[in-house]
Each structure stands twice: as structure tokens, then as C-alpha cells.
Amino acid sequence: MDDPQTKVLPIALASDHGGFRLKSLISAEVKRLGLEVFDLGVFDELSADYPDQAKLLAERVLSGNSEKGVLVCGTGIGMSIAANRFKGIRAALCHDEYTARMSRLHNNANVLVLGGRVLGDAAALGILNVWLSEDFEGGRHLTRINKLEALG
Ligand code: RB5
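These figures come from a predicted structure and were not determined experimentally. (Residues numbered from 1 in each chain as written. Predicted model: local features only at pLDDT ≥ 70, side-chain atom pairs only at ≥ 80, totals over all residues. Heavy atoms only, no water.)

**Student:** Can you tell me about the site of the ligand, naming the residues and giving the values?
**Tutor:** Neighbouring residues of the ligand: Asp16, His17, Tyr50, Cys73, Gly74, Thr75, Ile77, Gly78 and Arg117. Residue Asp16 places a side-chain N or O atom 2.6 Å away from an oxygen atom belonging to the ligand. The separation between an oxygen atom of the ligand and a polar main-chain atom of Gly74 is 2.7 Å. Considering only residue class, the shell around the ligand consists of three nonpolar, four polar and two charged. (Near = heavy atom within 4 Å. Polar contact = N/O pair within 3.5 Å; in protein donor to acceptor, adjacent residues only side chain to side chain. Nonpolar A, V, L, I, M, F, W, Y, C, P; charged D, E, K, R; others polar.)

And the structure:
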């Protein structure tokens, strides 16, 4: 039986139609890395409303059943606005590997947001790999996260 202390939880994924294609690539990459995926949709390119999928993913992360999630919409903007309305969610819209790295080291981002109509596939997968491999530095950054969470 898995030790609950060490079990790596599935990475939650969700997108709207604008992010569906990139979400499929991300899903394959997460599995290639040996991690489990929990896919909250959408599952086709029919028009969808990004707040619906952002809510599902935020609730999944806040439930503790996934420690991290990835959201994709056309620009990433709608998904990040929606996800950051949930207290305890720190969603980072990243356009390059530097911002992805810093969002983990300094912001302890628990949700990565990508723009499916903004990023090339290789850039998006590079950002994903960096984001999944970096850890929070803590220290002075924990003080800031605590202040952030106290904002409401
Ligand atoms: C959908 O057309 C598009 O508005 C959405 O994917 C996202 O970019 C919103 O921020």
C-alpha cells in the first residue's frame, strides 16, 4: 500500500476549447514523466466557458486530491483570473521558463496557467517541465505567502 506521506498525487488538468489541444499535449507529457493525470475536461473543441473548468480544477486542488493543476485557455488570462478567485489557489500565468521557475520558488504556485493560442508546443512543454520540477524556497517567501493568504 502507498505511504500517504510520499504518494505523488495526480496532476489535475482542465481547459476550455481554446486550450483543449495544448491540454492534450500536456496530458501526454505529464504521463511520459511518470505522473498521473486527473483530467477535468473539456474533451473537445466545442465552445466552453473557462470559469466552469477553472472552478472544477480549483476545487480539486483545494480538496487535497491533487496538489498541483494546470489550466489552459486561449490566452491563459481568463483561467488565471478565475482560478485566483479561490482562496488558497495561487495560479501563475507563465509565458517562459523563468516565470515558471520563479512561480514555484517564490510564489509556491499550485496552478500553472498557459495560453494555448500564445505558446508554441515546445515552449509550453518546456515551461511545464520546469514548473513540475521546481520546489518552493520557503523562508522570506513563506512570510509573503502567509500575508497573501490573509488578504482574503
Ligand atoms: C475563448 O475564445 C477565449 O476567450 C478563452 O480561451 C480565453 O482566452 C479567455 O481568457
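**Student:** Tell me what's going on with the layout of surface pockets, and back it up with residues and numbers.
**Tutor:** Considered as a void within the structure, the largest pocket measures approximately 180 Å³ in volume. Considering the residues around the largest pocket, the lining is formed by 15 residues, among which Asn84, Ile89, Arg90, Leu148 and Glu149 are closest to the centre. For the lining of the largest pocket, the elements supplying multiple residues, two or more each, are strand 4 (91-93) and helix 6 (140-150). Taken together, the residues of the lining of the largest pocket sort by class into seven nonpolar, four polar and four charged. (1 Å grid on protein atoms, 1.4 Å probe; cavity = no way out; pocket = protein on both sides within 12 Å on 5 of 7 lines; lining within 4 Å. Points joined across faces, edges and corners; volume = space filled by probe spheres on them. Helix = DSSP H or I, 4+ residues; strand = E, 2+ residues; numbered from the N terminus.)

**Student:** Got a sec to walk through the environment of Glu134? Specific residues and values, please.
**Tutor:** Mapped onto the elements of the fold, Glu134 is located in the loop between helix 5 (121-133) and helix 6. Beyond its immediate stretch of four places on either side in the chain, Glu134 contacts Lys68, Arg101, Arg104 and Leu105. A polar side-chain atom of Glu134 sits 2.9 Å from a polar atom in the side chain of Arg101. (Contact = heavy atoms within 4.5 Å.)

**Student:** Go over the packing of aromatic side chains with me, naming the residues and quoting the values.
**Tutor:** Scanning the entire structure with this criterion turns up zero aromatic pairs. For Arg60, the ring lying beneath its charged end belongs to Phe38, and the centroid distance is 3.6 Å. Across from the ring centre of Trp131, 5.7 Å away, lies the NZ or CZ of Lys68, which sits over that ring. (Phe/Tyr/Trp six-rings, centres within 6.5 Å; stacked < 30°, edge-to-face > 60°. Lys NZ or Arg CZ within 6 Å of the ring centre and 35° of its normal.)

**Student:** Can you lay out helix 4 (residues 97-105) for me, pointing to particular residues and giving the numbers?
**Tutor:** Every α-helix carries 3.6 residues per turn, so stepping three or four residues along brings you back to the same face. Residues of helix 4 that are buried include every one of Ala100, Met102, Ser103, Arg104 and Leu105, and no others. Next to the buried residues of helix 4 lie strand 4, helix 5 and helix 6. For helix 4, the capping residue at the N-terminal end is Asp96, with a side-chain oxygen 3.3 Å from the backbone nitrogen of Tyr98. (Buried < 20%, exposed > 50% of the residue type's maximum accessible area, 1.4 Å probe, protein only.)

**Student:** Before we move on, can you summarise the nonpolar core with the specific residues and values?
**Tutor:** By size, the foremost hydrophobic cluster in this structure holds 21 residues, and its most contacted members are Ile26, Val30, Val70, Leu112, Leu114, Ile127 and Leu128. Taken together, the elements giving at least two residues each to this core come down to strand 1 (11-15), helix 1 (20-32), strand 3 (69-73), strand 5 (111-115) and helix 5. Of the residues forming this core, the biggest block, six residues, is contributed by helix 5. The residues contacting Val30, other than those within four sequence positions of it, are Ile11, Leu35, Glu36, Val37, Leu128 and Leu132. Listed in part, the 16 residues of the second largest apolar core include Ala12, Ile89, Val111 and Val113. (Core = buried A, V, L, I, M, F, W, Y, C linked by side-chain atoms within 4.5 Å.)

**Student:** Any chance you could break down the confidence of the model for the chain for me, citing the residues and the numbers?
**Tutor:** Predicted confidence across the chain gives a mean pLDDT of 96, with 96% of residues reaching 70 or more. Taking the mean pLDDT of every element in the chain, the minimum, 96, falls on helix 6 and the maximum, 99, on strand 5. (pLDDT = per-residue confidence, 0-100.)

**Student:** I'd like to hear about the sheet that holds strand 5, residue by residue, with values.
**Tutor:** Two strands in a sheet stick together by hydrogen bonds in their backbones, pointing the same way (parallel) or opposite ways (antiparallel). The strand order across the open sheet built from five strands is 2-1-3-5-4, with neighbouring strands paired in parallel fashion. At either end of the open sheet lies a strand with only one pairing partner, and these are strand 2 (37-39) and strand 4. Here the average twist between neighbouring strands, direction ignored, is 25°. (Pairing = 2+ DSSP bridges. Axes fitted to C-alpha atoms, helices over the stretch in contact; angles between N-to-C directions.)

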